[in-house]
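Reading the structure
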Number of protein chains: 2
Amino acid sequence: MSADPAPGTPVRAPRGRRAAGVRRPVYDATSLLAVAVGEFNARGYDATSMEDLSRAAGITKSSFYHHVSGKEDLLRAALQRALDGLFAILDERHATVGRPVDRLRYIVRRQVEVLQAELPYVTLLLRLRGNTHTERWALDRRRAFDGVVGDLVREAVDAGQMRADVDPAVAARLLSGTVNSIAEWYRPDRPDGRAQERTALPEDVVRAVFEGFLPRE
Amino acid sequence: MSADPAPGTPVRAPRGRRAAGVRRPVYDATSLLAVAVGEFNARGYDATSMEDLSRAAGITKSSFYHHVSGKEDLLRAALQRALDGLFAILDERHATVGRPVDRLRYIVRRQVEVLQAELPYVTLLLRLRGNTHTERWALDRRRAFDGVVGDLVREAVDAGQMRADVDPAVAARLLSGTVNSIAEWYRPDRPDGRAQERTALPEDVVRAVFEGFLPRE
DNA sequence: GTCTATAATCAGATAGAC
DNA sequence: GTCTATCTGATTATAGAC
């Protein structure tokens, strides 16, 4: 911030001064990624321009480019984070040992938890259309994850631990679809006193999916 | 490419000749809508240009504009069709009389059937972000539909016809999410002999959602 | 009804001053 | 690190010939 403009300089407010009390955060690549992902999710990746992103960050497009290398790299970084979170589940102990149906139950619960914890990043992942190389890479990785879950469903059905009168392939799709659909409505920041809903949701999903919505008898 | 126009074919200038045997269909607004919706779903609405649409139809952009008034009007027409299909369900007899849980079961089954029958149009509806006035209008209508279903879930829970240990609001979201997620994988044109899957799917969904994936005892 | 040509605008990205 | 100014190409849409 320059102290005073030279005489004759158009009297502009000192560059970068903001409304009283509104301090611009000090950005780095990570915090700008968070801003960008928020915008991507609000408008859709393709409908969001670099201008939109920089405006959301409170700087110009050029300044934004000083921090990030481009729109698609932002996307890649966000999708990497989502995929890392999901694949980490598959390495956890309860996902690798035990009856297939119990491993499946565990993975579903953890999938909901990761979705809650990394909501914007997972949301972005779930909305990909596959237009660019980056999107197709992420879709492939996501399909690989679903493939592991799908195999587990088949195992559980074969072992008689899940109902056999629904095609295992269809069951796996419905299972993934149910979990993923949460990204379309779950919002962690409830202003009212519903904070505990967060911890209840994974168990609610597991119950609903495995036991159904009809009352226990 | 093509040697001669077939007899009776209007003799058009050589421009726009097509590969041998590839006859361009006679387009009207409806058939171009079908083409457009297919492209919208493949790439996303925002990522699809009018150039993409006209190329998919086999005519130039200008010719395409001769038939349709613009990109957003195509979207509106498609969404109208999807919404009409869904709202029609709510007027059917089994959706209006009987126990709440039975009406709900019926609506879910019919929702899957409409999704199958109007797949591209419903798919487009389910992917809206709300960027334009048209999109927000459709989202509002869609929320109204979900609201009716949500009220019915609450009624069923209050009547003891659905389990009460899952928040009715969450149950309604999961229910809608499960049904809607079908649009992301169901494809009516299976080349193999799986044609009957179409009639099985609605019942599979109803069973899975209401009874769960665990085996019957 | 289809075409070529083009207008008007906006996109992602960069140069270079400060 | 941020800015103004600009480049290049794509986008929606139209004009007007055939």
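Preceding this paragraph is the structure being described.
The text that follows walks through the structure, step by step, so that each part is easy to find. (Residues numbered from 1 in each chain as written. Chains lettered and ligands numbered in written order. Predicted model: local features only at pLDDT ≥ 70, side-chain atom pairs only at ≥ 80, totals over all residues. Heavy atoms only, no water.)

What follows covers the relation of the copies chain B and chain A. It takes a turn of 180° to lay chain B on chain A, together with a shift of 0.0 Å along the axis; the resulting RMSD is 0.1 Å. Seen this way, the second copy is the image of the first under a two-fold rotation axis. Taking C-alpha positions as reference, the residue of chain B nearest the rotation axis is G212(B), located at 1.8 Å. An overlap of 100% is found between the interface residues of chain B and their copies at the interface of chain A, pointing to a shared contact surface. (Least-squares fit on C-alpha atoms with pLDDT ≥ 70 in both. Contact = heavy atoms within 4.5 Å.)

In this section: the pattern of salt bridges. Counting across every chain of the model gives 36 salt bridges over all chains. With its nearest N and O atoms 2.6 Å apart, the salt bridge here joins E118(B) to R81(B). Of this pair, E118(B) sits in the loop between α6 (100-117) and α7 (119-126) while R81(B) sits in helix α4 (residues 71-91), and the two are 37 residues apart along the sequence. Salt bridges sharing partners connect three or more residues here, namely R163(A), D165(A), D204(B), R207(B), E211(B) and R216(B). (Salt bridge = Lys/Arg side-chain N within 4 Å of Asp/Glu carboxyl O. Helix = DSSP H or I, 4+ residues; strand = E, 2+ residues; numbered from the N terminus.)

Next up on the list: the protein's contact with DNA strand C. Around DNA strand C lies a shell of 15 residues, among which M50(A), Y65(A), T60(B), S62(B) and H67(B) are the nearest. For DNA strand C, the backbone portion of the atoms within 4 Å of the protein, that is sugar and phosphate, comes to 51%. One nitrogen or oxygen atom from the side chain of S63(B) is found 3.0 Å from a phosphate oxygen belonging to DNA strand C. H67(B) is positioned such that a nitrogen or oxygen atom in its side chain is 2.8 Å from a phosphate oxygen of DNA strand C. Among the secondary structure elements, those contributing two or more residues to the surface near DNA strand C are α3 (61-67) of chain A together with α3 (61-67) of chain B. The element contributing the most residues to the surface near DNA strand C is α3(B), with four residues. Residue classes in the surface near DNA strand C are distributed as three nonpolar, nine polar and three charged. (Near = heavy atom within 4 Å. Polar contact = N/O pair within 3.5 Å; in protein donor to acceptor, adjacent residues only side chain to side chain. Nonpolar A, V, L, I, M, F, W, Y, C, P; charged D, E, K, R; others polar.)

What follows covers the packing of α4(B) against helix α8 (residues 133-158) of chain B. Helix packing for two helices is described by the angle between their axes and how far apart those axes are. Residue and element names in this part refer to chain B. Across the interface, α4 lies against α8 with an axial gap of 10 Å and an inter-helix angle of 10°. Between α4 and α8, the angle is such that the two are roughly parallel. Between α4, through E72, L75, R76, L79, Q80, L83, L86, F87 and L90, and α8, the contact on the second element is made entirely by H133, T134, E135, W137, A138, R141, R142, A144, F145 and V148. A per-class count over the contact of α4 with α8 returns 11 nonpolar, three polar and five charged. (Axes fitted to C-alpha atoms, helices over the stretch in contact; angles between N-to-C directions. Parallel < 35°, antiparallel > 145°, perpendicular 65-115°, else oblique.)

Attention shifts here to the nonpolar core. Core analysis: the biggest nonpolar cluster contains 133 residues, and F64(A), I182(A), V205(A), F64(B), I182(B) and V205(B) have the highest contact counts within it. Apart from the residues lying within four places of it in its own chain, the contact partners of F64(A) are L32(A), M50(A), L53(A), S54(A), A57(A), I59(A) and L74(A). (Core = buried A, V, L, I, M, F, W, Y, C linked by side-chain atoms within 4.5 Å. Buried < 20%, exposed > 50% of the residue type's maximum accessible area, 1.4 Å probe, protein only.)

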